[in-house]
Amino acid sequence: FLAWHRGWSAAAPYSATAEPSRVRALIYGHHGDPAKVVELKNLELAAVGGSDVHVKMLAAPINPSDINMIQGNYGLLPKLPAVGGNEGVGQVVAVGGSVTGVKPGDWVIPANAGLGTWRTEAVFSEEAVISIPSDLPLQSAATLSVNPCTAYRMLMDFEQLQPGDCVIQNASNSGVGQAVIQIAAALGLRTINVVRDRPDFQKLTDRLKSLGAEHVLTEEELRKPEMKNFFKDMPPPRLALNCVGGKSSTELLRHLAPGGTMVTYGGMAKQPVIASVSQLIFKDLKLRGFWLSQWKQDHSPAQFKELILTLCGLISRGQLTAPACSEVPLQDYQRALEASMQPFVSSKQILTM
């Protein structure tokens, strides 16, 4: 976390002639309710050293993991006080003398979580950022490094899926869920997408189908005996993606093909995953977990960059769009934080600088 820590030390401004840049950042000094502990403060910009990159942030989303980090219940917690935000896109303003990988004008995204993206500008070390094509849509670039990466790896790493194979997922309108639908469609996979029942269910169904979802069902529909007929026309899914836990995950397991895998990457219901003994013995189902931060630890920065460029290719071919987003100016951060914690929100809050 040296990079973000250096990024707001009270060091000299980055050039002898420039006025010290007034950086505005969303900072929390202790864990708790994000709407209460996060404050908009002014910081001084650190000097740009040999391997440093001065970045002007353009946009940064509010993800569930950001909220969990501020609350203090996430698997990775930065030292406090910390600047919020693990994802976003910025433009390079200036670089130190020994920087070779990026140049002024380039767009960059964080290489790792904990960088602190909810600020107007910062000085990061070169290895803390990855350059991406600057002709991507802003919202796609700002939401590239977390949810689509998670979706892609879960589709690729657990089952050897072939075109025509089926994937089932819950929380299908989440950021990851929307990315799964689109990447699966690009790979020729069929999807069964489960969501909680809601007043605007038909509208949500239409939106997910416009992204490439084949079937959209409510949790209640998935529990009905008539689902037997449904699987006469659909191959049983070999892969289930679970972000909810509790009863929802038990239902996913019930419909998995023998030998199939359920990957858990979130627990929105805050309830354990319950698998029956018979599913494990007679169907030989596999239960796995996925956390992108761990995947990055197990793979090289070059492999993460390759993953990012693969996703950039999907975006530029029109096969992967940003999730539904609402852009909110940085100073209206409290409204954005509160909105991001409401139930049934299908729109991701994006802070614009």
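Residues numbered from 1 in each chain as written. Predicted model: local features only at pLDDT ≥ 70, side-chain atom pairs only at ≥ 80, totals over all residues. Heavy atoms only, no water.

Caption draft 1: Highlighting the sheet that holds strand β13 (residues 261-264). If you walk across this open sheet you meet the six strands as β11-β10-β9-β12-β13-β14, and the pairing is parallel. The sheet terminates laterally at β11 (215-218) and β14 (286-289), the two strands that pair on one side only. Geometrically, the sheet is characterised by an average inter-axis angle of 20° between neighbouring strands, direction not taken into account. Across four bridges, the pairing between strand β12 (residues 239-242) and β13 is parallel. Bridge pairing in β13 places Leu241 opposite Val263. Packed onto the sheet, helix α5 (residues 147-157) meets β9 (166-169), β12 and β13 and runs at close to 150° relative to β12. Across the sheet, helix α7 (residues 201-210) lies against β10 (190-195) and β11, angled at about 150° from β11, the strand it touches most. (Pairing = 2+ DSSP bridges. Helix = DSSP H or I, 4+ residues; strand = E, 2+ residues; numbered from the N terminus. Axes fitted to C-alpha atoms, helices over the stretch in contact; angles between N-to-C directions. Contact = heavy atoms within 4.5 Å.)

Caption draft 2: View of the domain arrangement of the protein. Domain boundaries assigned for the protein yield domain 1 (23-146 + 300-338 + 347-352) and domain 2 (159-289). Centre-to-centre separation of domain 1 and domain 2, based on C-alpha positions: 30 Å. Listed by partner, the interface residues are seven residues for domain 1 and eight residues for domain 2. The junction of domain 1 with domain 2 conceals about 590 Å² of combined surface from both sides, 61% of it contributed by carbon and sulfur atoms. For the domain 1 face of the interface with domain 2, the top three residues by lost area are Gln319, Leu320 and Pro323, together amounting to 49%. At the boundary of domain 1 with domain 2, the tally comes to two residue pairs in polar contact (both at pLDDT 80 or more). Class assignment for the residues of the side of domain 1 that touches domain 2 results in five nonpolar, two polar and no charged. (Domains from an automatic or database assignment. Buried area = accessible area lost by both parts, 1.4 Å probe. Polar contact = N/O pair within 3.5 Å; in protein donor to acceptor, adjacent residues only side chain to side chain. Nonpolar A, V, L, I, M, F, W, Y, C, P; charged D, E, K, R; others polar.)

Caption draft 3: Quick look at the packing of aromatic side chains. Across all of its chains, the model carries three aromatic pairs by this definition. Ring plane angle 85° and centroid distance 5.1 Å describe the contact between Phe230 and Phe231, whose orientation is recorded as edge-to-face. On the basis of relative accessible area, Phe231 is assigned to the buried category, the value being 18%. The residue whose ring lies beneath Lys296 is Phe304, and the NZ or CZ to ring-centre distance is 4.3 Å. (Phe/Tyr/Trp six-rings, centres within 6.5 Å; stacked < 30°, edge-to-face > 60°. Buried < 20%, exposed > 50% of the residue type's maximum accessible area, 1.4 Å probe, protein only. Lys NZ or Arg CZ within 6 Å of the ring centre and 35° of its normal.)

Caption draft 4: Here's a closer look at the packing of α5 against helix α13 (residues 301-316). For the pair α5 and α13, interaxial distance at closest approach is 10 Å and the crossing angle is 100°. With respect to each other, α5 and α13 are oriented roughly perpendicular. The segment α5 lies against α13, with Pro148, Cys149, Tyr152 and Arg153 engaging Phe304, Leu307, Ile308, Thr310 and Leu311. Broken down by class, the residue content of the contact of α5 with α13 amounts to seven nonpolar, one polar and one charged. (Parallel < 35°, antiparallel > 145°, perpendicular 65-115°, else oblique.)

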